[in-house]
Amino acid sequence: MSQTSHAADASTVHLPFIELTALLQRIFERHGTSPEVAQSLAFNCASAQRDAAHSHGVFRIPGYLSTLASGWVNGKAVPVVEDIASGFVGVDAGNGFAQPALAAARALLIDKARSAGIAVLAIRNSHHFAALWPDVEPFAREGLVALSVVNSMTCVVPHGAAKPVFGTNPIAFAAPCDGRDPIVFDMATSALAHGDVQIAAREGRDVPAGSGVDRLGQPTHDPEAILDGGALLPFGGHKGSALSMMVELLAAALTGGHFSFEFDWSGHPGAKTPWTGQLIIVIDPDKSRGAPFAQRSEMLVKQMEGAGLTRMAGDRRYKARARAEVEGIALRASELRELEGFL
Ligand code: NDP
Ligand code: PYC
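Worth saying up front: this structure is predicted, and the values here are computed from it rather than measured.

K.L.:
Help me understand the site of ligand 2, please; the structure alone is not making it clear to me.
P.N.:
Every residue near ligand 2 is listed here: His56, Arg60, Phe129, Ser152, Met153, Thr168, Ala193, His194, Gly195 and Pro274. Note that a nitrogen atom of ligand 2 is positioned 2.7 Å from one of the side-chain N or O atoms of His56. Thr168 is positioned with one of its side-chain polar atoms (N or O) 2.7 Å from an oxygen atom of ligand 2. Taken by itself ligand 2 offers 250 Å² of open surface, and the protein chains cover 94% of this.

What follows is the structure, encoded as C-alpha cells:
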C-alpha cells in the first residue's frame, strides 16, 4: 500500500507502517529531538499503533510533545554506555528517553548474554513513556529470553497503604517458541495502565471495580476521580503490590534511577514522562541443558491449547499486526489531522 486509503468507515484512515513512522519522526524532530531519538520514538509509537496497543500508540504524542516543550526531558540526549562487568551493562540516558539508551547498549548486552549465558542492562536517568513489549520481543526473535521492568510516576497505592507510592510499573517478558511468534506478555502491575484510565475518561466510560480510589481514598469507577487527586490500585491485591515493589527495586534501586516517588516535575508544567530507570535481563537459553528451549516453549503452549486455551498473551497484538500489514495501520481521521497539525 503506497497511499493513504480511506476505509468504509469514513472516520478511519489506514497508513502504511513506513508512512506513519515517517510522519511521527518529522513531528518529534519538529518538537526538538535529534534525528536519532525521533527515529527511535517514532518506530516505537508506530509499532504500538500497528499492534492496536492503543494506550501507547499515537494517543501518547501530545504527552511527548508537552514533556519536550516543558524542558523536563532532553530530546537530544546522547546515551553513555558503560561496560561494568562480564554480565552487567549500564547506560546513563542523560535525562533522555530510554529507547535510544537501549539501542545504544543492545549489541554489547547481546554479546555478554551469549558469552556469559545471562546479562543485565541497567538504564538510569531515563524517561520511558511507551509500551514495554517492543523492548523485549526483538530479543526473543534472536533466540534469547528477555525480561524487562520500568517504573513510572507515583499513582498506585501499595496494598494496605493509604497513599500512592508506586508507579504503574510494567513487567514484560519474551521467549522464543518453535513454529510461532515469540511468547510475549507485557502488563502494568496496577489494575489498569494510567493510559487506559485517561482513555476511559476521554470516552466517558467507567473503569472496572477495584481499579482505583478517589481523592478521599474511596473506591471509584470514575476515571476522572482517579485522575483528579485519586490513585490506582495494584492488580491482584498484595500479589500485584509485591510485584510493583519489585519493579521499583529493579528498575530504580538497581539501576541508579529514581523511584517513582522520587522526582518532582512540578517546576516543569506540561512534564508527563516519568524520570526513572529500566532494567532488562537477557538470557541465552542455548546454555541450558535438555531439549532446546524453543521446543519446550512450543510443548507448553500446545499443552495450554490442548487444555482449551484459545488466546495467548500477545495474540491480540499479533493479529492486529497481521491485519495492519494487509490494510495499513488504522487511525481515526481526527487523530491523523491532529498529528499533521503538530508539524
Ligand atoms: P493488558 O492488561 O491489556 O494486557 C496485559 C497482558 O495480558 C498482555 O500481554 C495481553 O496480551 C495479555 N492479555 C490480555 N487479555 C488477555 C486474555 N484474555 N488472555 C490472555 N492474555 C491476555 O495490559 P496493561 O493495561 O497492563 O498494559 C498496557 C501497556 O501499558 C503495556 O504495554 C505496558 O508496557 C504499558 N505501560 C507502560 C508504562 C511505562 O511506564 N512505560 C507503565 C504502565 C503500563 P495482548 O497484548 O495480546 O493483549
Ligand atoms: O500507562 O501507566 C501508563 C504509563 C505510565 C508511563 C507511561 N505509560
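Let us keep going from here.
K.L.:
Teacher, can you tell me more about the packing of helix H5 (residues 133-141) against helix H10 (residues 315-327) here?
P.N.:
A pair of packed helices is captured by two measures, namely the crossing angle of their axes and the spacing between those axes. It is at 14 Å that the axes of H5 and H10 come closest, and there the two elements cross at 85°. With respect to their mutual orientation, H5 and H10 come out roughly perpendicular. Of H10, the residues touching H5 (which contributes Trp133, Glu137 and Arg141) are Arg317, Tyr318 and Arg321. For the contact of H5 with H10, the per-class residue count stands at two nonpolar, no polar and four charged.

K.L.:
Help me understand the sheet that holds strand E10 (residues 219-220) in this model?
P.N.:
Backbone-to-backbone hydrogen bonds pair the strands of a sheet. The strands run either parallel or antiparallel. Taken in spatial order, the three strands make up an open sheet running E10-E9-E11, and their pairing is antiparallel. Of all strands in the sheet, those with a lone pairing partner are E10 and strand E11 (231-232), marking the two edges. One ladder, built from two bridges, connects strand E9 (residues 212-213) with E10; its direction is antiparallel. In the sheet register, Val213 faces E10, and the bridge partner there is Pro219.

K.L.:
Got a minute to help me understand the packing of aromatic side chains in this structure?
P.N.:
In this description, an aromatic ring pair is defined by two values, namely the gap between the centres and the angle between the planes. Enumeration according to the criterion identifies ten aromatic pairs in this entry. Seen from their ring centres, Phe259 and Phe261 are 5.3 Å apart, and the 15° between their planes marks the pair as stacked. Classification of Phe259 by relative accessible area gives partly exposed; the value is 22%. Residue Phe261 is classed as partly exposed on the basis of its relative accessible area of 47%. Here Arg317 stacks its cationic end above the ring of Trp133, 3.9 Å away from the centre of that ring.

K.L.:
When you look at the sheet that holds strand E6 (residues 145-150) in this model, what are you seeing that I'm missing?
P.N.:
An order of E3-E4-E5-E12-E6-E7-E8 is seen for the seven strands of this open sheet, with the pairing classed as mixed. The two strands at the open ends of the sheet, each matched to only one other strand, are strand E3 (80-85) and strand E8 (183-187). Ignoring which end each strand starts from, the neighbouring axes of this sheet average 15° apart. Where strand E5 (residues 118-127) and strand E12 (residues 275-283) come together, nine bridges link them in antiparallel fashion. Each residue of the ladder has a partner; that of Leu121, found in E12, is Ile280.

K.L.:
What should I look at first to understand the pattern of salt bridges in this one?
P.N.:
A side chain of one charge can pair with a side chain of the opposite charge when the charged atoms of the two come close. Per the stated rule, a full pass over the model turns up 17 salt bridges. Salt-bridge contacts for Asp315 lead to Arg180; the nearest nitrogen and oxygen are separated by 3.5 Å. Within this pair, whereas Asp315 is found in helix H10, its partner Arg180 is found in the loop between strand E7 (171-175) and E8, the two being separated by 135 residues in sequence. The exposure class assigned to Arg180 is partly exposed, which follows from its relative accessible area of 30%.

Thresholds, definitions, all that
Residues numbered from 1 in each chain as written. Chains lettered and ligands numbered in written order. Predicted model: local features only at pLDDT ≥ 70, side-chain atom pairs only at ≥ 80, totals over all residues. Heavy atoms only, no water. Near = heavy atom within 4 Å. Polar contact = N/O pair within 3.5 Å; in protein donor to acceptor, adjacent residues only side chain to side chain. Areas by Shrake-Rupley, 256 points an atom, 1.4 Å probe, with all protein chains shown as cover. Axes fitted to C-alpha atoms, helices over the stretch in contact; angles between N-to-C directions. Helix = DSSP H or I, 4+ residues; strand = E, 2+ residues; numbered from the N terminus. Parallel < 35°, antiparallel > 145°, perpendicular 65-115°, else oblique. Contact = heavy atoms within 4.5 Å. Nonpolar A, V, L, I, M, F, W, Y, C, P; charged D, E, K, R; others polar. Pairing = 2+ DSSP bridges. Phe/Tyr/Trp six-rings, centres within 6.5 Å; stacked < 30°, edge-to-face > 60°. Buried < 20%, exposed > 50% of the residue type's maximum accessible area, 1.4 Å probe, protein only. Lys NZ or Arg CZ within 6 Å of the ring centre and 35° of its normal. Salt bridge = Lys/Arg side-chain N within 4 Å of Asp/Glu carboxyl O.

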